[in-house]
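# What the coordinates show
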Amino acid sequence: MESNLKDESSAVAVPPATAVTPPAPKAVVKPAGRPPAVVVESAPEPKVFKTRRMIIWASVAAFLGYCFLSFIRFFLPRSITEPASTFKVGFPSDYALGVDTKYQQQYRIWVDKTSDRVFVIYARCTHLGCTPDWKASENKFKCPCHGSGYDSEGINFEGPAPRPMDRAHVELNAEGQIVVDVSRLFQKPKGEVGHFDDPGAYIPL
Ligand code: FES
């Protein structure tokens, strides 16, 4: 009995177990600031865009180059190239009777051969200076501007042209070729003395 009392007195009073409540988790407050950067991977540029950009840059460079050259040229002396007024058109025997138009584009002339002479008509209408057309089927020249007509020797017969077409100076060189000089023209004004029979206005055959 006594030992039981000792045991009871020596026993440590143990408080009843209480439930331990874990501390509530602290709320995490994120600092206010910029949102995280979003990395967006861009797609590679299509080749057509690169080509187009190169073309644009090339065009810009060409334009600037043109402007620069024009600017430089402005300060350079200018020379005007005019076609020669004297030239050869071959031998009289190269031509058949009638009108030959092969030098019209190059020299603005027609070589005209008749039974007794070769002469050269300067292809300029005496009205306002247009270049008439040779109408072989009608055997005449016709001016497209206002309708003047000339016969196969360049003599006006219709329309507003005031006189025949002029003739260029011709002579034979040492080789026998016809040399034409369109800076020396022979005229036949209406009502005045004509010069179509002057020396140099034709080559006799
Ligand atoms: S320019 Fe030839 S008819 Fe007027």
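Here's a quick rundown of the structure.

## Quick notes on the sheet that holds strand β6 (residues 140-142)
As summarised here, the arrangement of the four strands in space is β5-β6-β7-β8, forming an open sheet in which the pairing is antiparallel. Each having just a single partner strand, β5 (133-135) and β8 (156-158) make up the two edges of the open sheet. When strand polarity is set aside, the average angle formed by the axes of neighbouring strands in this sheet is 35 degrees. Pairing of strand β7 (residues 149-151) with β8, which is carried by two bridges, proceeds in the antiparallel orientation. Bridge pairing in β8 places tyrosine 150 opposite asparagine 156.

## Points about the side chain of lysine 113
Within the secondary structure layout, lysine 113 lies in strand β3 (residues 109-113). For the buried residue lysine 113, which engages in no salt bridge, the nearest side chain bearing the opposite charge is aspartate 94, 8.4 Å off. One polar contact links the side chain of lysine 113 to the main-chain carbonyl oxygen of proline 92, over a distance of 3.0 Å. Aside from chain neighbours lying at most four places away, what touches lysine 113 is Pro92, Ser93, Tyr95, Ala96, Leu97, Gly98, Val118 and Leu205.

Calculation rules
- Residues numbered from 1 in each chain as written.
- Predicted model: local features only at pLDDT ≥ 70, side-chain atom pairs only at ≥ 80, totals over all residues.
- Heavy atoms only, no water.
- Pairing = 2+ DSSP bridges.
- Helix = DSSP H or I, 4+ residues; strand = E, 2+ residues; numbered from the N terminus.
- Axes fitted to C-alpha atoms, helices over the stretch in contact; angles between N-to-C directions.
- Buried < 20%, exposed > 50% of the residue type's maximum accessible area, 1.4 Å probe, protein only.
- Lys, Arg positive; Asp, Glu negative; His and termini not counted.
- Salt bridge = Lys/Arg side-chain N within 4 Å of Asp/Glu carboxyl O.
- Polar contact = N/O pair within 3.5 Å; in protein donor to acceptor, adjacent residues only side chain to side chain.
- Contact = heavy atoms within 4.5 Å.

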